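Report on the structure
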Amino acid sequence: MIPDKFNSISDISRQRPVHGGAVCQAAQQYGIKPSDWLDLSTGINPNGWPVPEIPTAVFNRLPETDDGLIECAQHYYQNPHLTAVAGSQEAIQLIPKVLSELNLIPDRPRVGLITPAYAEHEFSWQQAKADIICLAPGTIEKHLPDLDILVLINPNNPSGHLYSPETLQLWQQQLNRHKGFMIIDEAFMDCTPQYSLLPHTDFTQADNLIVLRSVGKFFGLAGIRAGFMAAHPVILKTLEFFQGPWSVSHPARYILKQALNDQPWIAQNRQWLMQQSDRLETLLMDFIQNYDQQANVDGCPLFKTVFTNKAQDLFEHLAHQGILTRLLDNLSGIRFGLPGDSQQFERLGQAINYNSCDLIRPFIKGY
Ligand SMILES: Cc1ncc(COP(=O)(O)O)c(C=O)c1O
């Protein structure tokens, strides 16, 4: 019954995209205990929203969708057409099924994506038997007439490339002329809300658009597995049907209602993230001058990416010192999440001191 290629669990897991945050795996691989790692391998805010004690009743009772969470989200995201999801990842997995259920896309849709980018979008469309068209940021407009679906991450992970709402609206209208769809993943948008499509979009009109939001990054709440999808009400209803009754847990909903309403924390945190991000960028810019003059640093307030053809060496060098970063799948760069405090900045600064890089090279496998 079961095809040969699925004859072991490891065969199945090897096919899924790889992600940052795998500290336990790194601990095993490099022989450094989990608590000794400085984990910079994700774009999660290192000083996330401070979760208060949660009453036991919240764990005891099932989640209810009319608990006021959607109203909080509507206010924070400035749009009335939203549904809560178990992380924007849940929406990424369900969107192909939803659009095909509603007959909004052909059987074998042509999906345009930027690479490198968060790989789960491509993976999800591959599972739906789509034809994937890899686009460079400068070629998107030219390809629009050939696409059934355009998927963009704004700002992009890992390049940080930001598209203006005006450009995206133009593309959405262009796609609409041949019944094309646009999916915008705004997982890292919270520090630059002026670039979000949500305050400008009436989804009852723009019914070929889906926007995703994550609370894992800016709010640092990746562990509660929650997020939001914005779209036309019929698309949202179909998504809810496939989600099932209790997709987002009661503790997650309880926490989010408070976090999304915490205006002082949101304002302070935006400012703090900008400062930390500038500090990280300065550190990395100084470093690349000595390490690789062809390299460049890009990113957004929640992460910085060093694009260098010596990325693998750098990744290994840092990992041997207990600093976990995200080596891009195509090995074209390394993404750094923000250090949480001055001590962590110092640790990273010492680790990327050029002389120490030079010292460790002879020990790096394959160097
Ligand atoms: C661009 C992007 N979108 C979506 C996600 C999924 O995040 P979550 O499911 O926690 O909302 C990630 C996670 O890293 C991401 O980088």
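The rules behind these values
Residues numbered from 1 in each chain as written. Predicted model: local features only at pLDDT ≥ 70, side-chain atom pairs only at ≥ 80, totals over all residues. Helix = DSSP H or I, 4+ residues; strand = E, 2+ residues; numbered from the N terminus. Rg over C-alpha atoms; globule rule 2.2 N^0.38 Å. Buried ≥ 20, exposed ≤ 12 C-beta atoms within 10 Å, placed from the backbone. Contact = placed C-beta atoms within 7 Å. Core = buried A, V, L, I, M, F, W, Y, C linked by C-beta atoms within 7 Å. Domains from an automatic or database assignment. Nonpolar A, V, L, I, M, F, W, Y, C, P; charged D, E, K, R; others polar. Axes fitted to C-alpha atoms, helices over the stretch in contact; angles between N-to-C directions. Parallel < 35°, antiparallel > 145°, perpendicular 65-115°, else oblique. Left-handed = near helix turned anticlockwise from the far one by under 90°. Pairing = 2+ DSSP bridges.

Some words on the overall build of the chain
What the chain contains, in helices and strands, is 14 helices and 13 strands. In summary, the chain has a C-alpha radius of gyration of 21 Å against a globular reference of 21 Å for 367 residues, a match within 12%. By principal-axis analysis of the C-alpha atoms, the chain measures approximately 60 × 50 × 50 Å. For the chain, the residues scored as buried account for 43% of the 367 residues in total. Here the analysis covers contacts within the chain between residues at least 6 apart in sequence; of these, 71% occur between residues at least 24 apart.

Describing the nonpolar core
Formed by 96 residues in total, the largest nonpolar core has its most connected members in I210, A226, M229 and A230. Non-local contacts of A226, meaning those with residues more than four positions away in its chain, are made with A84, A86, G87, V215, L221, V248, A252 and L256.

Side note on the domain arrangement of the chain
Bring the parts together and some accessible area is lost; that lost area is often taken as the interface size. Looking at the chain, the domain boundaries give domain 1 (4-48 + 265-363) and domain 2 (67-261). For domain 1 and domain 2, the distance between their C-alpha centres works out to 26 Å. Contacts between the two partners involve 22 residues from domain 1, matched on the other side by 18 residues from domain 2. Elements represented by at least two residues in the side of domain 1 that touches domain 2 include exactly α11 (263-291), β9 (296-300) and β13 (333-337). Classifying every residue of the side of domain 1 that touches domain 2 gives eight nonpolar, nine polar and five charged.

Considerations on unusual backbone geometry
The residue after N154, namely P155, is reached through a cis peptide bond having omega -5°. Its location among the elements puts P155 in the loop between β5 (149-153) and α8 (165-176). Following N157, the chain continues into P158 via a peptide bond in cis, with omega recorded as 20°. Of note, P158 is situated in the loop between β5 and α8. Its identity is not glycine, yet K179 carries a phi of approximately 65°, on the positive side. Take K179: it is sitting in the loop between α8 and β6 (181-185). What makes K179 exposed here is the crowd of 11 C-beta atoms within 10 Å.

Regarding the packing of helix α4 (residues 69-77) against helix α10 (residues 250-261)
As a packed pair, α4 and α10 sit with axes 9 Å apart at the nearest point and diverge in direction by 30°. Our classification of the angle between α4 and α10 gives roughly parallel. Crossing angle aside, the handedness with which α4 passes α10 is left-handed. Judged by residue contacts, L69, C72, A73 and Y76 of α4 engage R253, L256, K257, L260 and N261 from α10.

What about the sheet that holds strand β10 (residues 303-307)?
The antiparallel open sheet is built from four strands, whose spatial order is β9-β10-β13-β12. A strand with exactly one partner marks an edge of an open sheet, and here the two such strands are β9 and β12 (326-327). Pairing between β9 and β10: five bridges, direction antiparallel. Its bridge partner lying in β10, N296 is registered against F307.

Topic: the sheet that holds β5
Taken together, seven strands build an open sheet; the order of strands is β2-β8-β7-β6-β5-β3-β4 and the sheet is mixed. The sheet is open, and its two edges are formed by β2 (82-85) and β4 (131-135), each paired on a single side. Looking at each pair of strands side by side, their axes are set apart by 20° on average, direction ignored. The pairing of strand β7 (residues 209-214) with strand β8 (residues 227-230) spans four bridges and is antiparallel. The residue bridging S214 from the neighbouring strand is G227, located in β8. Relative to the sheet, helix α5 (residues 88-101) contacts β2, β6, β7 and β8, its axis offset from that of β7 by approximately 160°.

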